[in-house]
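Topology and contacts: notes
So you can see what is in the structure, the chains are spelled out below.
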Amino acid sequence: AQSVTQPDIHITVSEGASLELRCNYSYGATPYLFWYVQSPGQGLQLLLKYFSGDTLVQGIKGFEAEFKRSQSSFNLRKPSVHWSDAAEYFCAVAPQGSASKIIFGSGTRLSIRP
Amino acid sequence: GAGVSQTPSNKVTEKGKYVELRCDPISGHTALYWYRQSLGQGPEFLIYFQGTGAADDSGLPNDRFFAVRPEGSVSTLKIQRTERGDSAVYLCASSTGLVNNEQFFGPGTRLTVL
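Residues numbered from 1 in each chain as written. Chains lettered and ligands numbered in written order. Predicted model: local features only at pLDDT ≥ 70, side-chain atom pairs only at ≥ 80, totals over all residues. Heavy atoms only, no water.

**Section: unusual backbone geometry**
Spelled out, the test is: A run of H or I in DSSP becomes a helix once it reaches four residues, and a run of E becomes a strand once it reaches two; helices and strands are each numbered from the N terminus. A simple rule labels every residue: compare its accessible area, found with a 1.4 Å probe on the protein chains alone, to the largest value its type can have, and call it buried under 20%, exposed over 50%, or partly exposed in between.
Of note, the amide linkage connecting Thr7 of chain B to Pro8 of chain B takes the cis form, showing an omega dihedral of -10°. Residue placement: Pro8 of chain B occurs in the loop between strand S1 (5-7) and strand S2 (10-13). Although it is not a glycine, Lys61 of chain A sits at a positive phi angle of roughly 60°. Structurally, Lys61 of chain A can be placed in the loop between strand S7 (56-58) and strand S8 (64-68). With a phi angle near 45°, Arg81 of chain B is a residue other than glycine that sits in the positive phi range. Looking at where Arg81 of chain B falls in the secondary structure, it is placed in the loop between strand S8 (75-79) and strand S9 (88-95). Taking relative accessible area as the criterion, Arg81 of chain B reaches 46% and is therefore assigned partly exposed.

**Notes on the environment of Cys23 of chain A**
All names here are of chain A. This is how the line gets drawn: Any pair of residues with heavy atoms lying within 4.5 Å of one another is described as a contacting pair.
Summarising the element assignment, Cys23 is placed in the loop between strand S3 (19-21) and strand S4 (24-26). We classify Cys23 as buried; its relative accessible area is 0%. Between the C-alpha atom of Cys23 and that of Pro7, which follows or precedes it by 16 residues, the distance is 7.2 Å. Cys23 has contacts with Val4, Thr5, Trp35, Ser72, Ser73, Phe74, Asn75 and Cys91, leaving out every residue within four places of it along the chain.

**Re the pattern of salt bridges**
Basically, it comes down to this: The term salt bridge refers to a side-chain nitrogen of Lys or Arg lying within 4 Å of a carboxyl oxygen of Asp or Glu.
This model, assessed by the stated rule, comprises eight salt bridges over all chains. Between Asp24 of chain B and Arg22 of chain B there is a salt bridge, and its shortest N-O distance comes to 2.8 Å. Taking relative accessible area as the criterion, Asp24 of chain B reaches 21% and is therefore assigned partly exposed. Arg22 of chain B gets classed as partly exposed once you look at its relative accessible area, which sits at 37%. Residues Arg36 of chain B and Glu44 of chain B are paired through a salt bridge, measuring 3.7 Å at the closest nitrogen-oxygen approach. Given a relative accessible area of 37%, Glu44 of chain B falls into the partly exposed group. Residues joined in a network through salt bridges with shared partners are Glu64, Glu66 and Arg77 of chain A.

Right under this line is the structure:
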């Protein structure tokens, strides 16, 4: 069965520090991969997506993610976090050829230490 | 322009009652999606419409859940004989319907079943 694992439930980093959020997936073939952010009172917003091609993808708000097929991972990174980055982050997958039925991980809550 | 809107923002009901949740997609978007997000979890796919028809309803948990989109725009998610386990945030998203296009999410309806 397809699944997405985000092993870190909650992460706290200092403002200005680098960030890496982990994501592993289980899928029959290479899926489409996504990262979403959900801030309190706001809807889910797409940060970035990987469909094919270059395995390092750039997103909005200075985020990037790297697809590693051998590790079935799609980790999210940011070189320097800002207090406004505090939010819930979700990794997600969808079958190749169709981004309609998205399967989400359980999320990682990011807190920022002043 | 206006994003995806959902009404009501909060709904409290009693076990056994019937509820309707409404979603207004972004104007011109032909695809519409419903997800359910339980506390501490990622969104879970329920159903996807392309135009007026349900293209994939494999995520509906049982026959108490039903969704319609009669004119290909507004959609209503209907839950009969609500149970306490139905308590969650119900999210709606829309997209242009083109293959692999981004889903834009609404703020959700928080349903509480007492």
